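Read off the chains here:
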Amino acid sequence: MIYLKNSEQIKKMQHAGRITGEALMLAGEAVREGITTAELDHIIRTYIERCGAKPSFLGYGGFPGSACISINDEVIHGIPSKKRHLKEGDIVKIDVGAYIDGFHGDSANTFPVGKISDEAARLIEATKKSFEMGVAAAEKEGARIGDIGAAVNGYVESMGYSTVRKYVGHGVGRDLHEDPSVPNYGTPGRGPRICRGMVIAIEPMVNAGGTGVLEQPDGWTVLTADGKLSAHYEHTVAITDEGALLLTKVD
Ligand code: MG
Ligand code: MG
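Residues numbered from 1 in each chain as written. Chains lettered and ligands numbered in written order. Predicted model: local features only at pLDDT ≥ 70, side-chain atom pairs only at ≥ 80, totals over all residues. Heavy atoms only, no water.

The next thing to look at is the overall build of the protein chain. When its secondary structure is counted, the protein chain shows four helices and 15 strands. Against the 2.2 N^0.38 benchmark of 18 Å for 251 residues, the protein chain shows a C-alpha radius of gyration of 17 Å, consistent with a compact globule. In terms of its C-alpha atoms, the protein chain occupies a principal-axis envelope of roughly 45 × 45 × 35 Å. Sequence separation of at least 24 residues holds for 70% of the intrachain contacts in the protein chain that already meet a minimum separation of 6. Total accessible area on the protein chain stands at roughly 11100 Å², and carbon and sulfur atoms take up 49% of it. Charge-centre separation for the protein chain: the mean point of 27 positive side chains lies 2 Å from the mean point of 33 negative side chains. (Helix = DSSP H or I, 4+ residues; strand = E, 2+ residues; numbered from the N terminus. Rg over C-alpha atoms; globule rule 2.2 N^0.38 Å. Contact = heavy atoms within 4.5 Å. Areas by Shrake-Rupley, 256 points an atom, 1.4 Å probe, with all protein chains shown as cover. Lys, Arg positive; Asp, Glu negative; His and termini not counted. Charge placed at Lys NZ, Arg CZ, Asp CG, Glu CD.)

The structure is reproduced here in structure tokens:
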């Protein structure tokens, strides 16, 4: 069931989205060699709670952190740890959610640690660009959910990369994960029609190698099956009369 949001609800989601985006930005600014993923998690939790909100991921399905923090070949759902120190050349994905006034925000980005390889930088850039292609597809008159995935995957494959199939974007609202599913692959003209009041997380997960992923024995961390790098970029996007609003974007 897809829950459409009225303008009052979208205003509330803007608030949750702004806190989410600011927490992610603060964590991104703290990314440097030597910092632990637990320290980044602490920055996020502290900020979200100071805003009077709750970290959406904390306790979600038993998840122990406030953010998912995944390094290099870890795709998503990395558990923050005092033992994981970032190293120069790593790429780190930080995925954050904040809940306030009955609604969630959800946003992720991939950050370089110091100087990274040209290859890694190109992957990060392509992932962000594929997100933008997805948003542009969502904004078109009469678009369907399959148009988003087709646009994302088309661009990603044109760059020689692949999108993750097993994990997908989703509706966002009173629940962190609502209908519809928003895959990063698809057939144009297929799937639910995108309409005003829909709020969705568009979130390409892009692998430098194949689409395959593996779940770690910790029950959370997802790795690329071939050990190659993966990048992630996500915003909570509201479809409105004025086009697509990126609720979690702050700058
Ligand atoms: Mg997320
Ligand atoms: Mg999400």
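Side chains that are nonpolar tend, in soluble globular proteins, to be buried together. In terms of nonpolar packing, the biggest core is built from 27 residues, with Ile-148, Ile-194, Ile-200, Ile-202, Val-237 and Ile-239 touching the most fellow members. Those elements giving two or more residues to this core turn out to be helix H3 (118–139), helix H4 (145–158), strand S9 (199–202) and strand S14 (235–240). With seven residues, the top contributor of residues to this core is H3. Not counting the four nearest positions on each side in its chain, Ile-202 is found in contact with Phe-131, Gly-134, Val-135, Ala-138, Ile-148, Tyr-233, Glu-234, His-235 and Val-237. Ala-23, Ile-44, Tyr-47 and Val-96 belong to the second largest nonpolar core, which has 24 residues in total. (Core = buried A, V, L, I, M, F, W, Y, C linked by side-chain atoms within 4.5 Å. Buried < 20%, exposed > 50% of the residue type's maximum accessible area, 1.4 Å probe, protein only.)

Residue Asp-179 is joined to Pro-180 through a cis peptide bond whose omega torsion reads -5°. Structurally, the position occupied by Pro-180 is in strand S8 (residues 178–182). A positive phi angle is found at Asn-72, which is not glycine, with a value near 55°. Despite not being glycine, His-77 shows a phi value in the positive range, around 65°. Relative to the assigned elements, His-77 resides in the loop between strand S3 (74–76) and strand S4 (91–100).

Taken together, Asp-106 (OD), His-170 (NE2), Glu-203 (OE) and Glu-234 (OE) make up the full set of protein donors to the magnesium ion (ligand 2), lying 2.1 to 2.2 Å away. Mapped onto the sequence, the residues coordinating the magnesium ion (ligand 2) show the spacing D-x63-H-x32-E-x30-E. Metal-to-metal, the separation of the magnesium ion (ligand 2) and the magnesium ion (ligand 1) is 3.2 Å; Asp-106 coordinates the two. Separated by 64 residues along the polypeptide, Asp-106 in strand S5 (residues 103–112) and His-170 in strand S7 (residues 169–171) bring together distant segments of the chain. Given a relative accessible area of 5%, His-170 falls into the buried group. (Donors = N, O, S within 2.8 Å, 3.2 Å for Na, K, Ca; no water.)

Turning our eyes to something else, we now look at the coordination of the magnesium ion (ligand 1). Taken together, the protein ligands of the magnesium ion (ligand 1) are Asp-95 (OD), Asp-95 (OD), Asp-106 (OD) and Glu-234 (OE), with distances of 2.0 to 2.7 Å. Sequence spacing of the donors to the magnesium ion (ligand 1): D-x10-D-x127-E.

Turning our attention to the pairing of S9. The two faces of S9 match: Val-199 and Ala-201 on one face and Ile-200 and Ile-202 on the other face are all buried. Across two bridges, S7 lies against S9 in antiparallel orientation. From the neighbouring strand, Gly-171 faces S9, where its bridge partner is Ile-200. Sheet analysis places S9 next to S14, joined by four bridges and oriented antiparallel. Within S14, the position partnered with Ile-202 by the bridge is His-235. (Pairing = 2+ DSSP bridges.)

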